[in-house]
Amino acid sequence: MFFDSYDTPVFRPPSEARSFILRVTRGCAHNKCKYCNMYEGVQFQVLTEEEVDRQIMMAANFNKRGVRRVFLADGDALVLSTERLLAILKKLRETFPNFERCASYAAPKDVLRKSVEELRMLREAGLELLYYGMESGDSETLAAVNKGVDGEESIEVGKRVKAAGMKLSMMIILGLAGREGSKRHALATAHAISEIRPTMLGAICLMLYRGSELKEQFERGEFDPLPPAGLMEELRMIIENVNLPEDEECIFRSNHISNYVPLAATLPQDKEQLLDDIDYSITELKKLKDWDVYNHDKYGTY
Ligand code: SF4
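Residues numbered from 1 in each chain as written. Predicted model: local features only at pLDDT ≥ 70, side-chain atom pairs only at ≥ 80, totals over all residues. Heavy atoms only, no water.

Assigned domains within the protein: domain 1 (1–105) and domain 2 (126–287). A separation of 26 Å is found between the C-alpha centroids of domain 1 and domain 2. Contact with domain 1, which involves 21 residues of that partner, is made by 23 residues of domain 2. Where domain 1 abuts domain 2, roughly 1800 Å² becomes buried across the two surfaces, and 58% of that area is made up of carbon and sulfur atoms. The three residues of domain 1 that bury the most area against domain 2 are Lys34, Tyr35 and Asn37, which together make up 43% of that side's buried surface. Summed over the shared surface of domain 1 and domain 2, the number is 0 salt bridges. Summed over the shared surface of domain 1 and domain 2, the number is 17 residue pairs in polar contact (both at pLDDT 80 or more). By residue number, the principal contributor to the side of domain 1 that touches domain 2 is strand β5 (residues 101–105), which donates 5 residues. Of the residues that constitute the side of domain 1 that touches domain 2, the class distribution is 11 nonpolar, 4 polar and 6 charged. (Domains from an automatic or database assignment. Contact = heavy atoms within 4.5 Å. Buried area = accessible area lost by both parts, 1.4 Å probe. Salt bridge = Lys/Arg side-chain N within 4 Å of Asp/Glu carboxyl O. Polar contact = N/O pair within 3.5 Å; in protein donor to acceptor, adjacent residues only side chain to side chain. Helix = DSSP H or I, 4+ residues; strand = E, 2+ residues; numbered from the N terminus. Nonpolar A, V, L, I, M, F, W, Y, C, P; charged D, E, K, R; others polar.)

Helix α9 (residues 228–241) packs onto helix α7 (residues 182–196) with a crossing angle of 35° between their chain directions and a minimal axis gap of 8 Å. Between α7 and α9 the crossing geometry is right-handed. Where α7 abuts α9, its residues Ser182, Lys183, His185, Ala186, Leu187, Thr189, Ala190, Ile193 and Ser194 lie against Glu234, Met237, Ile238 and Asn241. Residue composition of the contact of α7 with α9, by class: 6 nonpolar, 5 polar and 2 charged. (Axes fitted to C-alpha atoms, helices over the stretch in contact; angles between N-to-C directions. Left-handed = near helix turned anticlockwise from the far one by under 90°.)

Under the defined criterion, the tally for this structure stands at 23 salt bridges. For lysine 90, the salt bridge is made with glutamate 94, and the minimal N-O distance between the two is 3.1 Å. With a gap of 4 residues between them, lysine 90 and glutamate 94 both fall in helix α2 (residues 82–95), about one helical turn apart. With relative accessibility at 45%, the residue lysine 90 sits in the partly exposed group. Classification of glutamate 94 by relative accessible area gives exposed; the value is 56%. When salt bridges that share partners are traced, they join Asp4, Arg23, Arg26 and Asp74 into one network. (Buried < 20%, exposed > 50% of the residue type's maximum accessible area, 1.4 Å probe, protein only.)

Right, let's talk about the nonpolar core for a bit. Nonpolar side chains tend toward joint burial in soluble globular proteins. Grouped together as the largest cluster of nonpolar side chains are 66 residues, with contacts concentrated most on Leu22 and Leu92. The residues that make up this core include at least three from each of domain 1 (1–105) and domain 2 (126–287). Once residues lying within four places of it in the same chain are set aside, the contact partners of leucine 92 are Phe20, Leu22, Ile56, Val70, Phe99 and Cys102. Counting 11 residues, the second largest nonpolar core, distinct from the first, contains Ile173, Leu176, Leu214 and Phe218. (Core = buried A, V, L, I, M, F, W, Y, C linked by side-chain atoms within 4.5 Å.)

Right under this line is the structure:
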């Protein structure tokens, strides 16, 4: 359920489909990642207390007992001060008798502005899950796409969230460094995953969205995207080099609309099976002749 206006786009992770989407900011404060067009043209804004309260009241009037999970939108709710977030979480707990937990996207610089102690307070207040688009653990790749942090900082983000006892759903983008930087991106990303040990790990394939700077670079011949088999070879290199403790479980999913082959595994237990599945996919994808037709509107352009 969502009660703010649709004048600007609303995004949420698929797993938050049944949550109350509470908009606390509009757009994304960073809004500079070259592969992203989610909030193109949207003026970033922090919603006022009154605007947030109005949505909470509307959700309460609609189905007070039905609200169990809440997702704080838009792109980086953690840009709000800890104090403000704690006040919103308090209001949610007071309003919805069956409130279970809250989640939000986590832009890296916002997490780095918060201490582990602040994150722990937020977790104890109900913000239990963060969706973190790390995209890559490689500094060169991150700089090329304007992510705003380097590889080391990316790792620090994940570690801080885990140290606060929050669940961490982390996303990486296959093909983000193109053909040329694929190996570098894969190895540094595998290292970052091993260091962070996320609760959930998602791998999506790069899509060149209309309005994104990366698409313009591609059109000028300045970005050479990986073909489908190359994306899977990159994923193989990542999974092969990820080392997670045997007694931990990381849910791996690669089933976004951008993925050529849906994959699912629990790491590290299913690592060998996952590598076998990837190898099979590589063999099959290499048979594609005219592979660009398999991407939306040529090379994944929306
Ligand atoms: S990827 Fe996330 S942080 Fe980057 S511009 Fe898009 S919404 Fe903002």
